[in-house]
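Take a look at the letters that make up each chain.
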Amino acid sequence: MSLAVEELAVRFGGVAALVDVSFEVEPERITSLIGPNGAGKTTAFNVITGFLRPARGRVLYEGKALTGLRPFQVAERGIVRTFQKTNLFHRVSVLDNVMIGLHLRGRMGFLSILLGDRRVREEETALRGVAEEILAFVGLAHRRDEVASALPYGEQRLLELAVGLAARPRLLLLDEPVSGMNPAEKTTVMGLIRRIREQGVTILLVEHDMRLVMGISDQVIVLHHGRVIAQGPPGEIQSHPEVIRAYLGGR
Amino acid sequence: METFLQHVVNGLILGGTYALLGIGLTLIFGIMNVVNFAHGEFYTLGAYGAFLFLSLLDTNFFVALLGAIALGILLGGACERLLLRPLLGESIETTMLVMIAVWIAMQNAELLAWGGVAQSIDHPFPQAPLILGPISVAPLRLFVFGTAVLLILGAHLLIHRTRLGKAMRATFQDRETAALMGVDIHGIHTLTFAFGSGLAAAAGTLLGPIFVVYPSMGDLAALKAFSVVILGGLGNFAGATLGGLLLGIAEELGAGYVSSGYRDAVGFAIIILVLLLRPSGLFARAERVG
Amino acid sequence: MKRIGPGLLAIVLLTVPLWVGNPYYVHVLIMAGIFAILALSLNLLLGYTGLLSLGHTAFFGIGAYTSALLALRLDWPPWVGFLAAVLVAGLAGYGIGKVSLRLRGAYFVLVTISFAGVIYLVSVNWMELTNGPLGLPDVPPFSLGLPGLFELSIRTKPAAYYLVLAVAGAAYFLCHRLVRSRIGRGFIALRENEALAESVGINGTRYLVLAAVVSAAMAGAAGSLYAHYTRFVSPEVFLFTYTVTMVIMVVAGGKGTLVGPVLGAFLFTALPEALRAVTSWQWQMLLYGVFLILTVFFLPKGVIPTIETWLRERRASP
Ligand SMILES: Nc1ncnc2c1ncn2[C@@H]1O[C@H](COP(=O)(O)OP(=O)(O)OP(=O)(O)O)[C@@H](O)[C@H]1O
Ligand SMILES: [Mg+2]
């Protein structure tokens, strides 16, 4: 088991965003978390990555509890997320966005940096190489020196993916990575997600485009009103009566 | 016990004016999201305005007070219109810098206009204090407190009972939605800033005759206004009123029983303590992640 | 060109006392150097982590008082006092960083102002330690070496100039290394997007405190230099005017750049001195206010970034 979520509950004032949610994510698989708007998908991501404290329940990663950790500590354990709304270091160059993402791969401390240790320069050169590889992987090498906010929307979303990858995730949580993209861009990103999985990264995906979800997932979990109403392989989910009712009946 | 009561009464009288200052600042903060570092200068402006009308134009004391408040309102409105409106949508740091600049410019303009010597404002009230049981109050102070209370009530009615107040509250709640519903955000901002500055000027005209008037008097007033706002909660009208009274009493007691040298430290201490102990309680708009 | 520019600048800076005859100009340069250190230190917070500290003069003043008091009361050699000033100011920065790290925007600003206000009141009221508003006169000049063995006293203006130049140069290069490293990228990440920074593993708390400590320590160093150069310290070092001056230097020069604050320091030390001949202090301050407003409206990014953008655009369209 890679990630296990156990009996999570989150409330916002009168809104119960998550009610007793439990699910598991298999290692090196693509698991999708779907559900109508407001189902609680982003909230689940926020709890897993330490942005929210659940009222009840816990999150285990490779058997160890994540609950109570701060977001950066969750990242240190190899769990990296992207955000639903475009989220970049906007006034910084494309290359530097990825360089920031590489933070955890650097080792140099405060004193070495102040004293101008030779290894600092070596590490910088090495990191720059990695950053350029990652940019080439997502197809943004030609944008390297541009300011992130100057990129067109689709490329900004690709850059978000690059920043996430830079943090060297073993579990990558993607919150609607292709929303707002055109079909060609969507196909590119889905191809990238497959290749990331092939490199041994576990993926938890939130996405509204059912065709994509059903095409790419090994496992699908359906949330509705903060509860898990179904889980299983895509074929099973597509014909699940409760899932159909949730999507057709709206809220 | 008697001195204690006397301190509390003195504190309340000062506190009424602090509340006026705080209400002005908290409205500007809450509705416009502007940290108005020039707030104290409008207080100074009020005091000098009264001095100007009285000594140079030889008007009646009460007319002078009204004139000074009008001056504050006009200059506040102009300040918003010229300096803040073009920056609508800029970060809070940017407007903060501009207001710091206004503060420096206004204070030094006042120094140039009046010189560094302190002035006093003549008033028509008798000097002999009124003795009410164990406490004594100067008639002037009673007038100041009464006027402050009236102004606070007036502001309260304006915000809770008028259409304008309703639009102000809507803007405070959610600017985008208010704009969609047809509220003239620009107009609200100008009026809010003018109104807040008017309240600061009123505080200045009221305290001017009690103390002396000098160009940097606004610095301490601004400090007090900020501590009142922090004490009462961001954008919280009732909080600012209570906070003002509390600060006045705390200062009088602090000066009376601890040391008068640290009187002004009370304001700083309040800001630091409240922000450090209950910062989450003061974040009126927590951001959503994701 | 890229090599010649800095080389030339270095030669000019190193030979200034040789060809600037008028000691008054050397004095202005010394003050500019001290302010350059302050502006660089404030820029680390304001320009890189995005936190506006309006109590920055507190660290300057703490440095000045620490150094002066150790020299006057305990007869410590000034260079030891200098190290102590850096240390004590750094500690104060740690304290403020630690307690206020949950605060952002206006709240952070208010806490820093209040901190400076409290320290000012203490310096005025704690007569036994600070001599109150009268201040501490007769602070000894800076000296290097060990008392009794050999000693190099820095009494002349040219000597003080070289000392300040050395410290300012060191401050510049330390900042340069820091902001171009993974730590500096961490600062920038926190300024741009705190949530995203944390989610790629940047410990926001730790880095903001680190920035506060380094920044405060640098301001403390400037304070110590100031105390031994002017040989007088009074509660005035805590005045808000100093903080405002630093902020103007950083904002006008260009926050988030290294050259900007230094340029700003020179401009806004030289400008008031030039104005002094023709106007009064009040007019100067009034003009400061007007300058700041004009900068925000017409040069919001500051001089250096504006020039950079202009150069880049010119290169792009030949
Ligand atoms: N910070 C918050 N404060 C108050 N309510 C919140 C907050 N975050 C989420 N909610 C509420 O919790 C519920 C679940 O929200 P969540 O964002 O998790 O849904 P979602 O499944 O991600 O929806 P979508 O597909 O629209 O992104 C919604 O009713 C939402 O309004
Ligand atoms: Mg969502």
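Quantities reported herein were computed from a predicted structural model and do not represent experimental measurements.

Asks: Which residues make up the overall build of chain A, and what values go with them?
Replies: Counting its regular elements, chain A contains ten helices and ten strands. Since a compact globule built from 251 residues should have a radius of gyration of about 18 Å, the 19 Å found for chain A is in line with a globular shape. C-alpha extents for chain A along the principal axes are approximately 60 × 40 × 35 Å. In chain A, buried positions account for 54% of the 251 residues. Taking all contacts inside chain A whose residues are at least 6 apart in sequence as the whole, residues at least 24 apart take part in 67%. When the accessible surface of chain A is split by element, carbon and sulfur atoms take 49% of a total near 11200 Å². Looking at charge distribution, chain A has the averaged site of its 31 positive side-chain charges lying 4 Å from that of its 28 negative ones.

Asks: Tell me what's going on with the coordination of the magnesium ion (ligand 2), and back it up with residues and numbers.
Replies: Residues and elements named next belong to chain A. In this structure, Thr42 (OG1) and Gln84 (OE1) serve as the protein donors to the magnesium ion (ligand 2), at separations of 1.9 to 2.1 Å. Note that threonine 42 is positioned in helix 1 (residues 41–48) and glutamine 84 in the loop between strand 6 (79–81) and helix 3 (94–101), a separation of 42 residues in sequence. Taking the relative accessible area as the measure of exposure, threonine 42 reaches 16% and is therefore buried.

Asks: Hey, could you go over the nonpolar core for me, with residue numbers and the actual values?
Replies: Within the largest apolar cluster, 234 residues are counted, with the highest numbers of intra-cluster contacts made by Leu159(A), Phe37(B) and Met99(B). For this core, the element with the highest residue contribution is helix 2 (residues 23–49) of chain C, accounting for 15 residues. Residue contacts for Met99(B): discarding those within four places in its chain leaves Val34(B), Val35(B), Asn36(B), Phe37(B), Ala38(B), Cys79(B), Leu84(B) and Phe193(B). Counting 27 residues, the second largest nonpolar core, distinct from the first, contains Ala44(A), Ile48(A), Ile221(A) and Leu223(A).

Asks: Summarise the environment of Ala68(C); cite the residues concerned and give the values.
Replies: Residue and element names in this part refer to chain C. Residue position: alanine 68 is located in helix 3 (residues 56–74). Along the chain, alanine 68 and valine 213 lie 145 residues apart, while their C-alpha atoms are 21 Å from each other. Beyond its immediate stretch of four places on either side in the chain, alanine 68 contacts Leu136, Val139, Ala227 and Val233.

Asks: Any chance you could break down helix 1 (residues 2–32) of chain B for me, citing the residues and the numbers?
Replies: Residue and element names in this part refer to chain B. A rise of 1.5 Å per residue sets the reference length of helix 1, with its 31 residues, at 45 Å; its end C-alpha atoms lie 44 Å apart and thus fit the reference within 8%. Taken across its 31 residues, helix 1 has 26 buried, putting it largely inside the fold. At the exit of helix 1 stands asparagine 33, carrying a positive phi of roughly 60 degrees.

Asks: Mind laying out the pattern of salt bridges, listing which residues take part and the relevant values?
Replies: A pair can form between side chains of opposite charge whenever their charged atoms are brought close. According to the stated counting rule, one finds 15 salt bridges over all chains in the structure shown. Arg185(C) is the partner of Glu124(A) in a salt bridge, and the nearest nitrogen-oxygen pair spans 3.0 Å. Of this pair, Glu124(A) sits in helix 5 (residues 118–138) while Arg185(C) sits in helix 8 (residues 182–192), which puts the two residues in different chains. Since its relative accessible area comes to 13%, Glu124(A) is described here as buried. What emerges from the salt-bridge pattern is a single network uniting Arg91(A), Arg191(C) and Glu192(C).

How each quantity is defined
Residues numbered from 1 in each chain as written. Chains lettered and ligands numbered in written order. Predicted model: local features only at pLDDT ≥ 70, side-chain atom pairs only at ≥ 80, totals over all residues. Heavy atoms only, no water. Helix = DSSP H or I, 4+ residues; strand = E, 2+ residues; numbered from the N terminus. Rg over C-alpha atoms; globule rule 2.2 N^0.38 Å. Buried < 20%, exposed > 50% of the residue type's maximum accessible area, 1.4 Å probe, protein only. Contact = heavy atoms within 4.5 Å. Areas by Shrake-Rupley, 256 points an atom, 1.4 Å probe, with all protein chains shown as cover. Lys, Arg positive; Asp, Glu negative; His and termini not counted. Charge placed at Lys NZ, Arg CZ, Asp CG, Glu CD. Donors = N, O, S within 2.8 Å, 3.2 Å for Na, K, Ca; no water. Core = buried A, V, L, I, M, F, W, Y, C linked by side-chain atoms within 4.5 Å. Expected span 1.5 Å × (residues − 1). Salt bridge = Lys/Arg side-chain N within 4 Å of Asp/Glu carboxyl O.

Treat this as a map of the structure, not an account of what it does.
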